[in-house]
There are 2 protein chains.
Amino acid sequence: MYYIGIDLGGTKIAVGLVSEDGVIITKKSVPTLNHRMPAEIIKDMVDTCFLVIDESGVSISDIASIGIGSPGFVYPPDGVLVYANNLKFDNTCVRSEIQKSLDLPVYVENDANCAALGESVAGAAKGAINSVTVTLGTGVGSGIIINKMIYSGTFFGAAEIGHHCIMVDGEVCTCGRHGCWEAYASATALIRDAKRAVLENTDSLILKLANNDSQAINAKMVFDAADENDETAVCLVDNYIKYISEGITNLINIFQPEILVIGGGVSSRGERLLKPIIQYVEKTVYGGALKTDIVMAKLGNDAGIIGAAMLGKAN
Amino acid sequence: MYYIGIDLGGTKIAVGLVSEDGVIITKKSVPTLNHRMPAEIIKDMVDTCFLVIDESGVSISDIASIGIGSPGFVYPPDGVLVYANNLKFDNTCVRSEIQKSLDLPVYVENDANCAALGESVAGAAKGAINSVTVTLGTGVGSGIIINKMIYSGTFFGAAEIGHHCIMVDGEVCTCGRHGCWEAYASATALIRDAKRAVLENTDSLILKLANNDSQAINAKMVFDAADENDETAVCLVDNYIKYISEGITNLINIFQPEILVIGGGVSSRGERLLKPIIQYVEKTVYGGALKTDIVMAKLGNDAGIIGAAMLGKAN
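The rules behind the values
- Residues numbered from 1 in each chain as written.
- Chains lettered and ligands numbered in written order.
- Predicted model: local features only at pLDDT ≥ 70, side-chain atom pairs only at ≥ 80, totals over all residues.
- Heavy atoms only, no water.
- 1 Å grid on protein atoms, 1.4 Å probe; cavity = no way out; pocket = protein on both sides within 12 Å on 5 of 7 lines; lining within 4 Å.
- Points joined across faces, edges and corners; volume = space filled by probe spheres on them.
- Helix = DSSP H or I, 4+ residues; strand = E, 2+ residues; numbered from the N terminus.
- Expected span 1.5 Å × (residues − 1).
- Buried < 20%, exposed > 50% of the residue type's maximum accessible area, 1.4 Å probe, protein only.
- Contact = heavy atoms within 4.5 Å.
- Buried area = accessible area lost by both parts, 1.4 Å probe.
- Salt bridge = Lys/Arg side-chain N within 4 Å of Asp/Glu carboxyl O.
- Polar contact = N/O pair within 3.5 Å; in protein donor to acceptor, adjacent residues only side chain to side chain.
- Nonpolar A, V, L, I, M, F, W, Y, C, P; charged D, E, K, R; others polar.
- Axes fitted to C-alpha atoms, helices over the stretch in contact; angles between N-to-C directions.
- Parallel < 35°, antiparallel > 145°, perpendicular 65-115°, else oblique.
- Least-squares fit on C-alpha atoms with pLDDT ≥ 70 in both.
- Core = buried A, V, L, I, M, F, W, Y, C linked by side-chain atoms within 4.5 Å.

## As for empty space enclosed by the protein
All names here are of chain A.
- A full pass over the atoms with the stated rule returns one cavity of 30 Å³ or more.
- What the largest cavity holds in volume is close to 30 Å³.
- Every residue lining the largest cavity is listed: Tyr184, Ala189, Leu190, Asp193, Leu236, Asn239, Tyr240 and Tyr243.
- Contributions of two or more residues to the lining of the largest cavity are made by helix H5 (187-200) and helix H8 (231-255).

Below, the structure is given as structure tokens:
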């Protein structure tokens, strides 16, 4: 059997036909144009499903289900997209809407949970019974896999790991709370700290890379400047690694999974980031022995499609 | 069927015969005398099991299993007590030792996990599919129940929730790390802060309750002084509640369980502690709506016996 996975984002709708073992056979994407009404977006999702099915040459009777990974709040039992701040869904039953055109079981899940499931089925956590995937990007997303299934809590809103506080009364977070991990371990946090740092370190290479416009600083510039041994940048990256690591130690002390996966934009820094994180966690983990493997994500943006597709297999 | 639960502590060995629904039929306890060798302690465990069986009048053929909750590290698959800082066990296979005298399945688990299972089966989290129990005492213990079973991670050392950092570079913890929740939410932390506070607030009622000996301050004195509106004590308790609540919000954002149970010595303060904790968590929880019930533990010290007994039912 095959499974369709839809990664619904604020920018694009990515649809893939996925094999039983989590390999994408065919994929297509279209712009979300997220100012549109849900009905229009759902029509594009369905049309793209048909495109992918046609191109793959697979018969609909060989497709087991459709899974959708969505930002924001979802209610999986009813196939409902409850709310997302970048989409106009408002308790929209995407399941029933899609089933008007495609007579297949339809599953919905939070997109970060789908990415974690994708990495668990076919990526960096393949084979692990328990894994946690954190995505360090503009924010900090995360998904918890227990017994090879998504753990989403009793009310389907668990795994908001980015919003666990690592610094009481610390930096304000997008969620309104102070000191969340997201306010320290996201790329946004690194950029915030870099903008502050260059105010006092006006000769930093970071500022040169940003053409002397501190508002133009991005995470890549900070890492690039650190690679050139710019003192300000090295200090920023060291601090950033520390904050990432404190959160990862927390997750390992709480979950002790086989594998902890780091994904998102900053994970492209590979060993430069991973090695000091592992060293830090080894020093801080409870009990003195780090048994969990900490690895970088493998599937990139495909994790969302694969995980969404695998919702049908897991259910 | 009946189940035997053994709560092995540094001070006493408590043994109970427990019904299928988690009710203690008979219980007995003997001093651990923890300076002794494991063989002597295990002999007392077995003898106390026989005492409990005899007194209850239940036939051994009606007993399904023996479960043991132990401090420190355990290795459940092999029935081994690996290490505890207050007992001389050193990779001791308590299962095979007990089975020399009592031919029953023997299960071992960490004591905090057993307490969480006890509350889940017959206490404050009865009926919940997912619950988290935290025990605020000298340290901070915790257990995670997912799908009505103990979640102990891939390597059986998970749920060290007391050692998740809520304050990077904060107070030093007994585990060596800085800023652990235990270093803020344990009774020990409250006492530490009180000892510091009375140095500058020498007229505090706390000091009077301790007969002017700051080294004699305990958590009860701080709470009692706060109940009398002593300014220093009120401030200490407010801060303590804040630290407890920050950790509880973290747990709810991560697990979103049906029920979060607070146990341990400080839980005896009941509503005085619970009400402001709930108010704080309502303000800080992700998504704006607190769906998890936060409640005080119900079983007290019996949670460990009941949970240990129920290991046999869950397995």
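## Let's talk about helix H3 (residues 111-122) of chain B
Residues and elements named next belong to chain B.
- The end-to-end C-alpha separation of H3 is 16 Å, in line with the 16 Å expected for 12 residues at 1.5 Å each.
- Across the 12 residues that make up H3, a large majority, nine, are buried.
- When H3 is considered as a whole, its buried residues turn out to be Ala112, Asn113, Cys114, Ala115, Ala116, Leu117, Gly118, Glu119 and Ser120.

## Observations regarding the interface of chain B and chain A
- Counting residues at the interface gives 40 residues for chain B and 40 residues for chain A.
- Summed over both sides, the interface of chain B with chain A buries roughly 3600 Å², with 59% coming from carbon and sulfur.
- Across the salt bridge formed by Arg177 of chain A and Glu246 of chain B, the nearest N and O atoms sit 2.7 Å from each other.
- Counting across the interface, chain B meets chain A through 35 residue pairs in polar contact (both at pLDDT 80 or more).
- For the side of chain B that touches chain A, the residue count by class is 19 nonpolar, 14 polar and seven charged.

## Description of the packing of H3 of chain B against helix H10 (residues 302-314) of chain B
All names here are of chain B.
- Following both chains from N to C, one finds H3 and H10 inclined at 85 degrees, their axes separated by 7 Å at the closest point. By the criterion of interaxial angle, the relationship of H3 to H10 is roughly perpendicular. Only Ala303, Gly304, Ile306, Gly307, Ala308, Met310 and Leu311 of H10 make contact with H3, whose side of the interface consists of Cys114, Ala115, Leu117, Gly118, Glu119, Val121 and Ala122.
- The class makeup of the residues in the contact of H3 with H10 is 10 nonpolar, three polar and one charged.

## As for the relation of the copies chain B and chain A
- Least-squares fitting of chain B to chain A yields an RMSD of 0.0 Å, with the superposition described by an axial translation of 0.0 Å and a rotation of 180 degrees. The operation mapping one copy onto its partner corresponds to a two-fold rotation axis.

## Describing unusual backbone geometry
Residues and elements named next belong to chain A.
- Phi is positive for Leu33, close to 45 degrees, though the residue is something other than glycine.
- By the element assignment, Leu33 lies in the loop between strand E3 (24-31) and helix H1 (38-56).
- A relative accessible area of 43% places Leu33 in the partly exposed class.
- A positive phi angle is found at Asp169, which is not glycine, with a value near 65 degrees.

## Quick notes on the environment of Asn218 of chain B
- As for its position among the elements, Asn218 of chain B is in the loop between helix H6 (205-209) and helix H7 (219-227).
- Overall, Asn218 of chain B belongs to the partly exposed group, its relative accessible area being 31%.

## Describing the side chain of Thr48 of chain B
- Within the fold, Thr48 of chain B resides in helix H1 (residues 38-56).
- What Thr48 of chain B contacts, discounting residues up to four positions off in sequence, is Val15, Lys28 and Val30 of chain B.

## Focus: the nonpolar core
- Ranked by internal contacts, the top residues of the largest apolar core, which has 116 residues, are Ile248, Phe255 and Ile262 of chain A together with Ile248, Phe255 and Ile262 of chain B.
- Those residues within four positions of Ile262 of chain B in sequence are excluded, and the remaining contacts are Val134, Leu136, Ile248, Ser267, Leu274, Ile277, Ile294, Val295, Met296 and Ala297 of chain B.

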